[in-house]
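What follows is the residue order along each chain.
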Amino acid sequence: MADVTMDKLVSLCKRRGFIFQSSEIYGGQGGAWDYGPLGVELKNNIKRAWWRANVLERPDMVGLDAAILMHPRVWEASGHVGHFADPMVDCRACKQRFRADDLTVGQLRGASGPVEIDIENALAVISDDGFVLDNVKITGHWPGGNVGNEATRHIQFLVNNPNWTTSVLIISTDDDHKYYQISGPIPHYVERLNLIVRPYPDVPAYAESISLELNSKTNAIALTGRNVCPNCGSYDLTEPRMFNLMFKTFVGPVEDTASQVYLRPETAQGIFANFGNVLTATRRKLPFGIAQIGKAFRNEITPGNFVFRSREFEQMEIEFFVRPGADEEWHRRWIQDRLAWYTGLGMDPAHLRLRVHQAAELAHYSKGTTDVDYLFPMGWSELEGIANRTDYDLRQHSEFSGERLTYFDEEANEHIVPYVIEPSAGVDRSALAFLLDAYREEEVPSTGPSTSSGQGRGETRVLLRLHQDLAPVKVAVLPLSRNEKLLPTAQEVDALLRKGLRDTMVQYDDAQSIGRRYRRQDEIGTPYCVTVDFESLEDRAVTIRERDEMTQERVPIAELAAALRERLES
RNA sequence: GCGGGAGUAGCUCAGUGGUAGAGCUCCUGCCUUCCAAGCAGGCUGUCGCGGGUUCGAAUCCCGUCUCCCGCUCCA
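First, a word on scope: everything that follows refers to the structure included in this document.

Reading guide: rules and limits
- Residues numbered from 1 in each chain as written.
- Chains lettered and ligands numbered in written order.
- Predicted model: local features only at pLDDT ≥ 70, side-chain atom pairs only at ≥ 80, totals over all residues.
- Heavy atoms only, no water.
- Helix = DSSP H or I, 4+ residues; strand = E, 2+ residues; numbered from the N terminus.
- Buried < 20%, exposed > 50% of the residue type's maximum accessible area, 1.4 Å probe, protein only.
- Polar contact = N/O pair within 3.5 Å; in protein donor to acceptor, adjacent residues only side chain to side chain.
- Phe/Tyr/Trp six-rings, centres within 6.5 Å; stacked < 30°, edge-to-face > 60°.
- Lys NZ or Arg CZ within 6 Å of the ring centre and 35° of its normal.
- Axes fitted to C-alpha atoms, helices over the stretch in contact; angles between N-to-C directions.
- Parallel < 35°, antiparallel > 145°, perpendicular 65-115°, else oblique.
- Contact = heavy atoms within 4.5 Å.
- Nonpolar A, V, L, I, M, F, W, Y, C, P; charged D, E, K, R; others polar.

### What to know about the side chain of His 351
- With respect to the helices, strands and loops of the structure, His 351 is situated in the loop between helix 9 (327-344) and strand 18 (352-356).
- Assessed through its relative accessible area of 11%, His 351 is described here as buried.
- At 2.6 Å, the side chain of His 351 and the side chain of Asp 437 are in polar contact.

### Some words on the packing of aromatic side chains
- Across all of its chains, the model carries 14 aromatic pairs by this definition.
- Aromatic pair Phe 275 and Phe 288: ring centres 6.3 Å apart, planes at 20°, arrangement stacked. Of this pair, Phe 275 sits in helix 8 (residues 275-282) while Phe 288 sits in strand 16 (residues 288-297), and the two are 13 residues apart along the sequence.
- Its relative accessible area of 0% is what places Phe 275 among the buried residues.
- Both rings, one in Trp 341 and one in Tyr 342, keep their centres 5.0 Å apart while their planes meet at 80°; by these two values the pair is edge-to-face. Across this residue pair, the class does not change: Trp 341 and Tyr 342 are buried.
- In this structure an aromatic cluster arises from ring pairing among Phe 272, Phe 275, Phe 288 and Phe 321.
- Here Lys 43 stacks its cationic end above the ring of Tyr 35, 4.2 Å away from the centre of that ring.
- Over the ring of Trp 330 we find Arg 333; its NZ or CZ atom is 4.0 Å from the centre of that ring.

### Re the packing of helix 1 (residues 6-16) against helix 11 (residues 427-438)
- Helix 11 packs onto helix 1 with a crossing angle of 105° between their chain directions and a minimal axis gap of 11 Å. One element, helix 1, and the other, helix 11, form an angle in the roughly perpendicular class. Between helix 1 and helix 11, the contacting residues are Met 6, Leu 9 and Cys 13 on the first element and Leu 432, Leu 435 and Leu 436 on the second.
- For the contact of helix 1 with helix 11, a count of residues per class yields six nonpolar, no polar and no charged.

Here is the structure:
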């Protein structure tokens, strides 16, 4: 670890074909990376190891591969539409950035009573520059009666009506502090919208004055006020800008008439949406889990640190369903299980730690989260988050879809909503961490008699001590030289191993000196090299050279595949 | 998005207005050659992209894209 820097690894990854910048010939596409011939093997090996440990070897897990495109309502139910779009404000004085909703939850002056707005044929705009108020309550004459949750259905109507393009932000505080951000028109049947502005108990002192005004000519509500930078006290803040972290796209080739959908920001929701399907199809009993590996997309503000944070990335997620009350015990067990997975694949325990989230940083769905952190060159950062999502998601989807997402508990003879433990790992981050952890620069004294440049010449050997389950190339077949007498036997051995070793990448290389080829294989982490020499032509045996210790052992060609298989499965 | 730094060969970099370079890598050949040996050859560049100034631009100016470090965010 002391040897490695991110720059060295990036260089190696490009040079040897692990990872390339996306669209490099066009100048690059930020936050996206392409995995080359070795990278795809590494990544597949990581995913295979994860799947084996979490699905194949466990009696209580099943797999799933849900679509990336899901119904847009999924993301309203999950909370991503509301919580994944953050209005951000920059302070020009001290260059700090804040979430606008941290700033603007302030005192309201000049509008302390009910504000009635006639919105017939008009557009009500509440702070369309992105301010968020969570002390505004929507009341009014909604067809169908009740306001509370009914309001959300009407808001949905607005979203589906394509006539307006101006953004409308309607905020509602029910008891659970939800707010809704929407785009669209006010439906024609809504005659009147009453906004009641009330004092709010936990008011930070950031906002000096915010007022809510009704423009009688345009029938629009404008929110005005001055915000104070909580860091330096300056009033010199930028307008809030929306940082919407979900990618939008369209279903249907003609955008005008197509419906907008999102590229999923996490794979988890595909599991929740299929909870009922999996339950009935597999007749599972609690506790059980559903595992899924797949791509997810987030419009990151700042991608960076190589593949650590990218806009398109791959997740390995588990949703493990348990009885309410058993959640904390299972949470603890999964934390230990997941930590052990990394060390079991050779990662240095000293480079791993568990970090318990503080209450303030918990995601909106989480009762408790513990991260598995890795000591990256830029510091400790998250490799995997193991969250107790409670019954939040299943209840949300049940409410939004109208489907019953419950488990019938035969013991209690009642329907229950399971709690969920979610170990969610990043494939790309894992790959990066495994590479960093495996990187070594070793001083190798030159001992070979063929080295004419003298004794004791220290040379640096770069190698990846990757766990053999993860190494992209597991066996390299190397004739001692390109001498034509050696080639038929070398090629015979190569063909033998390619077919004889299942799911194993075998590489053949006869270019340049044997020492150079060993070093090349070291640098990509190949655990075993098979060398065909002139003696092989006589005794039908070859040498297996091991990567880490550089030891050699002679094995008859007839037993070679079995010998390698034994080593690779140990 | 803001501030700072940077984009020249596969990699690491030199080149500050006058013919695009070095080291390493890579490729070919020779050598019964086991840990980057030697010898002889060889390939690779719209100098990130677009525009401008100039007799002439990798070099100066403008724009733009990307990368790195912070703010932020999280798998």
